[in-house]
Amino acid sequence: MFIIYGNRSARIKRENYNGAACSNCKSFGAEVSTYRKYFHVFYAPMLAWGRKTAVAQCVCGHHWTDEVTAEQARQAKTPVYLYSLLFVFAIGIAALGYSISKDKENTKLYVAAPQEGDVYLIKSESMGSHYYFLRLEKAAGDSVTFLHNELRYNRYVSKFAKDDYFDGNDAWTMSKQDLLQMYNDGEVKEVMRYYDDYEGFGRIH
Ligand SMILES: [Zn+2]
């Protein structure tokens, strides 16, 4: 994608000049404009940066800077719209936090009410710490039957590796109580109910 970005300058304040008369036309009533640089993406201000600069301008066209304009620049506040990037970050972080807490909440719900097709990511501490997947094949009465996947993973993953699959001949049956115990022991890292071809959880051989 073609992205336009760079630095621009925005006038953040416009006020009367509080100093002396214009040295050119001797009249009072000049105006001070304060500017601040900002980084933009597609001309949308993302982040203000650098010093604020102020310049006095007389109606005769003469303009200048002095201690008075410097002081006016110091006092000018940078408007919040020049910091939109921080809002974008804040919203992104909040959304991520929400999505993580939603996943945890769903996992708890899915363990309590198992459904055929649910995929469990399990963390095992036996024979070295590793992760594997279980796919719920049947929930009947007090027991649940799972298929085990083929590969082991040495880190948290949310989809199958290309050549991984659930082994149709490797079924495990356990009581719902044992499943709940696994969850309470922290072995169930995540339960996924809504997934598609991308995750590969439909591959059963
Ligand atoms: Zn003037």
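Source: prediction; values computed, not measured.

Caption draft 1: Here's a closer look at the nonpolar core. Counting residues in each nonpolar core, the largest one holds 17 residues, and the members touching the most others are V119, Y120, F133, L134, F146 and V191. Discounting chain neighbours no more than four positions away, the residues touching F133 are V119, Y120, L121 and N149.

Caption draft 2: Summary view of the sheet that holds strand β2 (residues 31-41). The strand order across the open sheet formed by four strands is β1-β2-β3-β4, and the pairing between neighbours is antiparallel. The sheet terminates laterally at β1 (5-16) and β4 (63-64), the two strands that pair on one side only. Bridge analysis of β1 against β2 gives 11 bridges, and the strand direction is antiparallel. Bridge pairing in β2 links R8 to Y38. On top of the sheet, helix α1 (residues 67-75) reaches β1, β2 and β3 (44-57); it is set at about 155° to β3, its chief contact.

Caption draft 3: Structural context of the sheet that holds strand β9 (residues 188-192). Ordered by their spatial adjacency, five strands build an open sheet running β8-β7-β6-β5-β9, and the pairing between neighbours is antiparallel. The sheet is open, and its two edges are formed by β8 (166-175) and β9, each paired on a single side. Each neighbouring strand pair of the sheet contributes to a mean axis angle of 30°, computed without reference to strand direction. Where helix α3 (residues 176-184) meets the sheet, it contacts β7 (143-149), β8 and β9, and its direction lies at approximately 95° from that of β8.

Basis of the calculations
Residues numbered from 1 in each chain as written. Predicted model: local features only at pLDDT ≥ 70, side-chain atom pairs only at ≥ 80, totals over all residues. Core = buried A, V, L, I, M, F, W, Y, C linked by C-beta atoms within 7 Å. Buried ≥ 20, exposed ≤ 12 C-beta atoms within 10 Å, placed from the backbone. Contact = placed C-beta atoms within 7 Å. Pairing = 2+ DSSP bridges. Helix = DSSP H or I, 4+ residues; strand = E, 2+ residues; numbered from the N terminus. Axes fitted to C-alpha atoms, helices over the stretch in contact; angles between N-to-C directions.

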